[in-house]
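Chain residues, written in single-letter form:
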Amino acid sequence: MSITIRRIPRKQINREKWNLAVNTEQYPSPYGLCWWLDAVTDSSWEGLIMGDYQLVLPIPFFLKVGPLALVNGAPFTQHLGPFGEGSPEEKQAIVSRVSTLRYVRKLSTLVKAPGNRFRITSRNNYELNLLPGYGRISKGYRADLRRKLRRNKLSAPVKISAEDFIRFYLDTLGEKISMSSKNQGVVHSLLLADRKYGEGACYALKAEDSGEMLGALFLAKNGSRIVNLMAASTKEGYKQNAMAVIIDSIIREYAGRDILLDFEGSDIPGVASFFSGFGASRLHYYQHQDKRLVPISFP
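Side chains that are three or four residues apart share a direction in an α-helix, a result of its 3.6 residues per turn. In this model, helix α9 (residues 242-254) (13 residues) spans 19 Å end to end at C-alpha, consistent with the 18 Å of a helix rising 1.5 Å per residue. Regarding α9, the residues found buried are Ala242, Met243, Ala244, Val245, Ile246, Ile247, Asp248, Ser249, Ile250, Ile251 and Tyr254. Once α9 ends, the next one or two residues include Gly256, with phi positive near 90°.

So this is what it looks like as structure tokens:
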């Protein structure tokens with residue numbers, strides 16, 4: 001039986017059916033939701049749809065080189081599914097279909113496309129199920145992390161506004177990593193879209209004496225999945241283990257519920273070690289690049 005996959009422009013997509021497909025997952029990622037895709041791509045995306053929205057795959061086409069509109073991933077969006085219900089073969093088929101429609105500079109998905117059209121790189125993610133409860137989860141923390149948390153003398157993190165988080169995040173991290181003005185704009189768009197359509201929250205840890213922020217984190221949420229999407233610490237925050245305290249506080253808040261904490265990476269050894277210290281399990285997703293592209297430098 002042949003598999004029917006349609007390519008649909010964004011404006012013609014049935015957003016209710018699309019979002020329903022995204023949310024059929026047990027721990028649904030926010031990355032495939034229409035409002036999220038609009039925010040991170042400036043509405044420059046289209047969709048591949050199998051059947052009657054049984055399985056969907058968004059295609060962001062950020063990058064234009066001459067007449068080519070290249071698939072170039074989307075900032076602050078770890079992977080693009082596919083989302084919905086489908087066999088492994090059907091999921092591979094919908095990912096593979098992308099290469100027949102556009103050139104792929106970067107596309108990260110949860111399954112590998114078959115064949116040899118793409119260069120495929122395995123990427124790491126870390127996840128922690130919070131159902132067992134805080135007592136059991138915290139016993140799984142690495143010893144050095146437990147020591148750091150025991151030494152903590154800071155007050156509990158507090159929730160802050162999207163505007164305060166954006167200001168701190170860009171001031172603290174933007175210059176350090178040379179974040180492009182385009183991606184800075186995406187930070188604004190995504191946080192404000194989440195406030196309107198999403199379930200996320202922004203957390204901050206402040207110094208006892210001055211009230212100055214030491215670290216802050218934006219936690220995206222969609223149903224039973226929470227995602228450590230954006231985080232930043234000051235130099236003093238690093239010294240006082242601010243991010244460990246914030247994440248531990250979030251685990252305390254959600255522990256005992258069937259919630260999956262998605263650490264959103266990482267392939268950076270130090271960051272990966274930090275995330276695994278909470279007892280998180282490593283999983284993989286896959287970054288695809290079209291072999292037909294000449295390997296020149298793109299943004």
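Once you've had a look at it, read on.
We now examine the packing of aromatic side chains. For the structure on display, the rule yields 12 aromatic pairs. Taken together, a centroid distance of 5.4 Å and an interplanar angle of 20° make the contact between Phe165 and Tyr169 stacked. Taken together, the residues Phe165 and Tyr169, both in helix α6 (residues 162-174) and four residues apart, mark about one turn of the helix. Note on Phe165: relative accessible area 0%, which makes it buried. Residue classification places Tyr169 among the buried positions, given a relative accessible area of 5%. Grouped by ring-pair contacts, the aromatic residues Tyr134, Tyr141, Phe263, Phe274, Phe275 and Phe278 constitute a single cluster. Sitting over the face of the ring of Phe61, Arg102 holds its NZ or CZ atom 4.3 Å from the ring centroid.

The rules behind each value
- Residues numbered from 1 in each chain as written.
- Predicted model: local features only at pLDDT ≥ 70, side-chain atom pairs only at ≥ 80, totals over all residues.
- Heavy atoms only, no water.
- Helix = DSSP H or I, 4+ residues; strand = E, 2+ residues; numbered from the N terminus.
- Expected span 1.5 Å × (residues − 1).
- Buried < 20%, exposed > 50% of the residue type's maximum accessible area, 1.4 Å probe, protein only.
- Phe/Tyr/Trp six-rings, centres within 6.5 Å; stacked < 30°, edge-to-face > 60°.
- Lys NZ or Arg CZ within 6 Å of the ring centre and 35° of its normal.

Everything listed here is a matter of geometry and, on its own, says nothing about what the molecule does.
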